Amino acid sequence: MLLWIFALVSLSFGLGAGIAWGWPLGLGFFLKALALGIGTFVGLILAFALLVALSAAFIDPTRPCEKDSPYYRWLTNQVMLLGVVFGRIRIHVTGLEKVPRQGRFLLVINHLFDLDPLVILRVLKDRQLAFVSKKENDRIPIVGKVMHKILCLPIDRENDREALKTIVKAISYLKEDKVSMAIFPEGYVSKTGQLQPFRNGAFKIAQKAQVPMVVAVLHNTQAIGKNMFRRTTHVHLDFLQTLQPAELTGVATKEVGDRVHRLMEQGLSRYEG
């Protein structure tokens, strides 16, 4: 929506300015109006980037945030849109109907590239999703602060006690109906592109919060960095299955992890070869 608004405003300004300034009608009129419109469009994009930067400047990441911010959620959705469009990312989605439209859920998904959340948030823009992500992301300028305002939770992957605190916090967010949560059970970006062993503690979030767990897989997001701005990158986001709370109750996390691992392997097998 934001891009369409910018495009319409830019085009209208270019044409309107040409008429107001008395440019003679003809091919030259339309070329000059188009050039002015493109310049206006670029200016609007830069103004929006400045808005994001200024908005982030007012965030204190040390101050606890217990409520998802509609304003920063909107900003996030617009940034994701711009990232997909200008990054030339084409997302192919299957199984979206399996993601609950009502109530909270936990999304578990494989991890191929640092920009995986961009793809996921773009597709699930209306699901109020927050990530459990590595604590290093908090230090990314602007990004870390905005993540704080949409209730993303940093996790210390090298400290089990601190990681448990994050898991408990994610459970409380789900129970209190604040946001849905997403987590990468592998814990790290896969360097090989193959599915890695899981940290099964991630599955406690859905078990303890008693919410559905959506199992999904990503394919080819690692090509985004190589292709960005040069060619279109086709990525796939497949929602495979939603496990209901009754299917998870009383089951050991290792068993849940093994089941999810098999589901993801099967989902990714369609892209082998």
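Refer to the structure printed above.
For the structure given in this document, a descriptive report is provided here. (Residues numbered from 1 in each chain as written. Predicted model: local features only at pLDDT ≥ 70, side-chain atom pairs only at ≥ 80, totals over all residues. Heavy atoms only, no water.)

### Regarding the overall build of the protein chain
- Along the protein chain, the regular secondary structure elements total 10 helices and seven strands.
- Contacts spanning at least 24 positions in sequence make up 73% of the contacts within the protein chain whose residues lie at least 6 apart.
- Roughly 14500 Å² of accessible area belongs to the protein chain as shown, and the carbon and sulfur atoms make up 61% of that amount. (Helix = DSSP H or I, 4+ residues; strand = E, 2+ residues; numbered from the N terminus. Contact = heavy atoms within 4.5 Å. Areas by Shrake-Rupley, 256 points an atom, 1.4 Å probe, with all protein chains shown as cover.)

### Some details on the packing of aromatic side chains
- The full count for this structure, using the stated rule, is three aromatic pairs.
- Seen from their ring centres, Tyr71 and Tyr72 are 5.1 Å apart, and the 75° between their planes marks the pair as edge-to-face.
- Here Tyr72 falls in the buried class, since its relative accessible area comes to 10%.
- Where Phe131 meets Phe184, the ring centres are 5.8 Å apart and the plane angle is 25°; that geometry is what we call stacked. (Phe/Tyr/Trp six-rings, centres within 6.5 Å; stacked < 30°, edge-to-face > 60°. Buried < 20%, exposed > 50% of the residue type's maximum accessible area, 1.4 Å probe, protein only.)

### Here we look at the pattern of salt bridges
- Tallied over the full model, the rule gives 13 salt bridges.
- Close ionic contact of Asp126 with Arg127 constitutes a salt bridge, the shortest N to O distance being 3.0 Å.
- For Asp126, a relative accessible area of 47% puts it in the partly exposed group.
- Given a relative accessible area of 7%, Arg127 falls into the buried group. (Salt bridge = Lys/Arg side-chain N within 4 Å of Asp/Glu carboxyl O.)

### Side note on the nonpolar core
- Counting residues in each nonpolar core, the largest one holds 73 residues, and the members touching the most others are Leu107, Met181, Met213 and Val260.
- Filtering out sequence-adjacent residues up to four positions away, Met213 remains in contact with Leu106, Val108, Phe203, Ala206, Gln241, Thr242, Leu243, Leu248, Val256 and Val260. (Core = buried A, V, L, I, M, F, W, Y, C linked by side-chain atoms within 4.5 Å.)

### Quick word on the pairing of strand S7 (residues 233-243)
- Where strand S1 (residues 89-94) and S7 come together, six bridges link them in parallel fashion. Note on S7: the bridge partner recorded for Val93 is Leu237.
- Inspection of the sheet shows strand S6 (residues 213-219) paired to S7 by seven bridges, in the antiparallel sense. Of the residues in S7, the one forming a bridge with His219 is His236. (Pairing = 2+ DSSP bridges.)

### Looking at unusual backbone geometry
- Even without being a glycine, Gln128 presents a positive backbone phi close to 55°.
- Secondary-structure assignment places Gln128 in the loop between helix H4 (116-123) and strand S3 (129-134).
- We classify Gln128 as partly exposed; its relative accessible area is 27%.
- Of note in this structure, Ile142 is not a glycine but carries a positive phi near 70°.

### So, the sheet that holds S3
- A sheet is described by the order of its strands in space; here seven strands give the open sequence S1-S7-S6-S2-S5-S3-S4, paired in mixed fashion. Whereas interior strands pair on both sides, the edge strands pair on one side only; in this sheet they are S1 and strand S4 (153-155). With direction set aside, neighbouring strand axes in the sheet form an average angle of 25°.
- Sheet contacts for helix H10 (residues 253-269): strand S2 (106-109), S6 and S7; angle to S6, the most-contacted strand, approximately 40°. (Axes fitted to C-alpha atoms, helices over the stretch in contact; angles between N-to-C directions.)

### So, the environment of Ala209
- Position of Ala209 among the secondary structure elements: in helix H7 (residues 204-209).
- As for Ala209 and Lys175, which are separated by 34 residues in sequence, their C-alpha atoms are 5.5 Å apart.
- Setting aside chain neighbours within four positions, we find Ala209 in contact with Ile171, Leu174, Lys175 and Lys204.

### With respect to H4
- Most of H4 sits inside the fold, with six of its eight residues counted as buried.
- If you check which residues of H4 are buried, you get Asp116, Leu118, Val119, Ile120, Leu121 and Val123.

### Looking at a positive patch on the surface
- A contiguous patch of positive charge, built from Arg88, Lys226, Arg230 and Arg231, is present on the exposed surface.
- Residue placement: Arg231 occurs in the loop between helix H8 (224-227) and S7.
- What makes Arg231 partly exposed here is its relative accessible area of 40%. (Patch = residues over 30% accessible without salt bridge, like charges linked within 9 Å, V, L, I, M, F, W, Y side chains within 5 Å. Lys, Arg positive; Asp, Glu negative; His and termini not counted. Charge placed at Lys NZ, Arg CZ, Asp CG, Glu CD.)

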